[in-house]
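Observations on the three-dimensional arrangement
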Amino acid sequence: MTKRIIRFSLFLAFVIGCILFIQWKGYHSVEDAAVLNIEQTFTIRHTQDEFVIKQSIENLPEGKYHIHYPPKAKDIDCQLGEDHVCKWEDGKNSQLKVKEGPLTFTYKLKAPMKVNSFLLEDWGITIKEAPSASTRIQLTEQNWRNGSWATGADLAGKEKMEGLDYYVFKAEGLIPPLFWQEQALVPMEMNQHLTIYSEGKPSLKRSIFEKLVPDEKIFVIMSNNISELTETDKLIFVPGGKKNVEKQLASLLLAKKLSFTDEKEWMLDLLVSSLTHTPAHSNKVEKMRETIFTVLTKEQADRWLENILSTDSKTITSQLLDELLEDTAGIKTDFFQKNADMSKPFQPFYFLDKRKIYINGKKADKINILLQNDRTYISFVPLIEMLGFHVLDSSKPKELMIGKNGDKYHFIFSKKLFFKNGQQFGFQRNPFSMDHNEVYFDTAALKGLFDLEVEENSQEINIH
């Protein structure tokens with residue numbers, strides 16, 4: 001009895017194992033379809049009023065697949081291998097079991113009789129378990145021979161024959177849309193990932209778009225038939241004769257290429273206006289752009305922009321813009337971080353000096369150094385505290401009263417004068433500067449105010 005039970009248990013385990021293996025095999029093969037080198041070839045023949053399409057799919061592993069047809073496809077036929085009619089798993093002809101290929105579909109789509117331009121979308125049959133493939137499109141045009149076809153794929157060949165025009169496109173990934181227009185379209189490769197089709201030479205500065213290299217291939221149709229900038233899949237449609245289209249396209253490509261923080265709008269505005277050398281939309285951003293191009297040489301500005309476009313950082317931030325200034329031009333600043341909040345007034349540009357500062361031989365860790373217009377400014381309150389002064393009154397944001405050994409000083413930051421023990425004195429020029437509510441003082445005025453000498457070199461600043 002025990003032996004029977006053991007034999008039955010082993011037999012049952014074997015049966016269950018076989019069932020699980022068969023299920024796993026079917027699932028596993030379908031799962032692998034997404035990573036295998038699946039190839040498909042479309043042969044499209046455009047006659048007077050319809051597109052006759054043949055789609056052949058190679059290297060599809062054995063398994064069950066869900067088929068999605070174009071919404072307006074008709075006269076659909078399916079074959080497996082050379083001459084085997086497809087056997088469907090359901091009554092809707094949407095689930096198909098594949099043992100060996102190739103898998104071939106033929107079907108038709110209605111074509112308009114007369115148009116100036118035409119966009120053909122969602123025209124290929126797709127497989128849910130294998131949505132992307134290496135695609136070759138062979139299109140023969142017998143009717144609209146006075147125009148041009150373009151698509152979101154590389155043009156591999158084009159030939160005008162006696163009775164038809166012949167096009168070959170190659171793509172990786174999803175099936176691209178097809179576009180035709182009555183005027184001839186000429187492709188121009190801006191870089192390895194960006195191709196622009198236009199009616200003759202595009203009215204765009206090539207130097208700008210040579211720098212804008214998308215992460216994946218993008219194709220642009222630039223035509224006078226297009227009324228506004230739109231996009232679908234890997235095709236971008238650009239109006240040919242409108243103003244500011246260059247900035248619009250550059251902005252769209254930048255937004256695709258770079259990731260931004262919540263400060264996206266002003267940073268996009270800054271980068272696009274810097275690339276195109278045109279005014280920014282925001283007055284504050286335009287001040288930022290003008291400041292950068294004043295501080296940097298042309299070579300430094302170009303290198304800074306190139307490093308932004310090629311950065312490995314996943315997100316562009318105001319801090320990163322400042323850091324790239326230091327990396328490319330040797331300039332340390334927090335200019336963009338100070339101006340990141342668009343609700344606050346524009347803050348001027350200061351160089352952050354990395355030198356060490358000593359006061360009467362003692363290192364001053366809390367004192368910051370700013371450089372502006374060839375002048376050196378240092379944090380005023382930490383300075384006077386190290387000199388032995390005490391703050392007597394700081395209640396007014398733009399005034400300060402300090403004291404030491406019975407002497408009292410009253411400073412008004414917006415003026416070239418100050419009061420010592422009630423008596424008025426003046427500076428040759430206003431030595432104060434405000435940055436993020438912190439007061440800075442021009443070191444050149446320390447001699448006249450506190451009779452201090454200032455010695456500077458490339459490593460440190462000594463005040464004594």
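**Thoughts on the overall build of the protein**
Scanning the protein for helices and strands turns up 10 helices and 33 strands. In terms of its C-alpha atoms, the protein occupies a principal-axis envelope of roughly 105 × 85 × 35 Å. The buried share of the protein, reckoned over its 464 residues, is 44%. In the protein, the proportion of contacts linking residues at least 24 apart, taken out of those at least 6 apart, comes to 53%. Of the accessible surface of the protein, which amounts to about 25600 Å², a share of 50% is contributed by carbon and sulfur atoms. Averaging the coordinates of the 59 positive side-chain charges in the protein and doing the same for the 64 negative ones gives two points 2 Å apart.

**As for the environment of Asn-457**
As for its position among the elements, Asn-457 is in the loop between strand 32 (454–456) and strand 33 (460–463). The sequence separation of Asn-457 and Arg-355 amounts to 102 residues, and the corresponding C-alpha distance is 8.7 Å. Within polar-contact distance, the side chain of Asn-457 engages the backbone nitrogen of Glu-460 at 2.8 Å.

**Focus on the environment of Pro-239**
Among the secondary structure elements, Pro-239 is positioned in strand 19 (residues 235–239). Taking relative accessible area as the criterion, Pro-239 reaches 4% and is therefore assigned buried. Sequence separation between Pro-239 and Leu-178 is 61 residues, and the spatial gap between their C-alpha atoms is 18 Å. Residues in contact with Pro-239, not counting those within four places in the same chain, are Met-222, Ser-223, Ile-226, Ser-227, Glu-228, Leu-229 and Val-245.

**So, the sheet that holds strand 22 (residues 362–363)**
Read across the open sheet, the 4 strands follow the order 22-21-33-32; overall the sheet is mixed. With partners counted over all chains shown, the strands left at the sheet margins are strand 22 and strand 32, one partner each. Two elements, strand 32 and strand 33, share 3 bridges in a ladder whose sense is antiparallel. Its bridge partner lying in strand 33, Glu-456 is registered against Ile-461.

**Looking at helix 7 (residues 318–329)**
Counted at 1.5 Å a residue, the expected span for helix 7 with its 12 residues is 16 Å, and the 17 Å between its end C-alpha atoms agrees. Buried residues belonging to helix 7 abut helix 4 (264–276), helix 5 (283–295), helix 6 (298–309) and helix 8 (335–338). Backbone geometry just downstream of helix 7 places Gly-330 in the positive-phi region, at approximately 70 degrees.

**Quick word on helix 4**
Helical periodicity: at 3.6 residues per turn, an α-helix aligns residues three or four positions apart in one direction. In a regular helix each residue adds 1.5 Å, so 13 residues correspond to 18 Å; helix 4 covers 18 Å between its end C-alpha atoms and thus fits that length. Burial analysis of helix 4 places 11 of its 13 residues in the buried class, which makes it a mostly covered element. Every buried residue of helix 4 is accounted for by Trp-266, Met-267, Leu-268, Asp-269, Leu-270, Leu-271, Val-272, Ser-273, Ser-274, Leu-275 and Thr-276. Check the buried side of helix 4 and you find it contacts helix 2 (206–211), helix 3 (245–257), helix 5, helix 6, helix 7 and helix 8. With its phi angle positive at about 55 degrees, His-277 sits one or two positions after the end of helix 4.

**Details of the packing of aromatic side chains**
A full pass over the atoms with the stated rule returns 33 aromatic pairs. Between the aromatic rings of Tyr-69 and Phe-105, the centroid separation amounts to 6.5 Å while the plane-to-plane angle is 90 degrees, which identifies the pairing as edge-to-face. Highlighted residues: Tyr-69 in the loop between strand 3 (63–68) and strand 4 (74–80) and Phe-105 in strand 7 (residues 103–110), separated in sequence by 36 residues. Of the two residues examined, Tyr-69 and Phe-105, each falls in the buried class. What links up through ring pairs into an aromatic cluster is the set Phe-380, Phe-389, Tyr-409, Phe-411, Phe-413, Phe-418, Phe-425, Phe-427, Phe-432, Phe-441 and Phe-450. Over the aromatic face of Phe-389 sits the side chain of Lys-404, whose NZ or CZ is 5.2 Å from the ring centroid.

**Points about the sheet that holds strand 5 (residues 84–85)**
Spatial strand order, 5-4-7-2-1-10-13-12: 8 strands in an open sheet with mixed pairing. Strands at the two margins of the open sheet, each flanked by one partner only, are strand 5 and strand 12 (154–160). Direction of pairing for strand 2 (residues 50–58) relative to strand 7: antiparallel, over a ladder of 8 bridges. Within the sheet, the bridge partner assigned to Ile-53 lies in strand 7 and is Tyr-107.

**Examining the state of the cysteines**
Here the structure, examined in full by the defined rule, presents 1 disulfide. The partner cysteine of Cys-78 in its disulfide is Cys-86, sulfur to sulfur 1.9 Å. Judged by the torsion about the S-S bond (-65 degrees), the Cys-78/Cys-86 disulfide is left-handed. Judged by its relative accessible area of 8%, Cys-86 is buried.

**Thoughts on the confidence of the model for the protein**
Taken residue by residue, the protein gives an average pLDDT of 87. The fraction at 70 or more is 92%. Low pLDDT, under 50, characterises residues 17–35; the stretch is placed with 18 contacts to residues that sit more than four places away or in other chains.

**Quick notes on unusual backbone geometry**
At His-277, a position not held by glycine, the phi torsion is positive, near 55 degrees. Locating His-277 in the fold gives a position in the loop between helix 4 and helix 5. With a relative accessible area of 51%, His-277 lands in the exposed category. Phi at Asn-405 is positive, roughly 50 degrees, even though this residue is not glycine.

Each value, and the rule that gives it
- Counting starts from 1 at the beginning of each chain's written sequence and moves along it residue by residue.
- Reporting in this predicted model follows two pLDDT cut-offs: at least 70 for local features of residues, and 80 or more for side-chain atom pairs to be given and counted; totals over whole chains, interfaces and linings ignore these cut-offs and use all residues.
- Side-chain measures were taken over the full set of non-hydrogen atoms in the model, leaving aside hydrogen atoms and water.
- Counting from the N terminus, the helices are the DSSP runs of H or I reaching at least four residues and the strands are the DSSP runs of E reaching at least two.
- Here's how the labels work: a residue is buried when its accessible area is under 20% of the maximum for its type, exposed when over 50%, partly exposed in between, all with a 1.4 Å probe on protein chains only.
- Contacts between residues were defined by any pair of non-hydrogen atoms, one from each residue, lying within 4.5 Å.
- For accessible areas, the Shrake-Rupley method is used with a probe of radius 1.4 Å. Any residue's cover is judged against the shown protein chains and nothing else.
- Positive charges come from Lys and Arg alone, negative charges from Asp and Glu alone, with His and the N- and C-terminal ends not counted.
- A charge is said to be at NZ when it belongs to Lys, at CZ for Arg, at CG for Asp and at CD for Glu.
- Any pair of nitrogen or oxygen atoms within 3.5 Å is treated as a polar contact; in protein, a donor-acceptor pairing is required on top of that, and neighbouring residues in sequence qualify only through side-chain atoms on both sides.
- Here, any two strands with at least 2 DSSP bridges between them count as paired.
- Helix span, as expected, comes to 1.5 Å for every residue beyond the first.
- Pairing of aromatic side chains requires ring centres within 6.5 Å, counting the rings of Phe and Tyr and the six-membered ring of Trp. Pairs whose planes differ by under 30 degrees are stacked, by over 60 edge-to-face, and all others tilted.
- Put simply, a charge is over a ring when the Lys NZ or the Arg CZ is close to the ring centre, within 6 Å, and near the line of the ring normal, within 35 degrees.
- Disulfides are defined in this document as cysteine sulfur pairs within 2.5 Å.
- Per-residue confidence from the predictor is reported as pLDDT, which spans 0 to 100.

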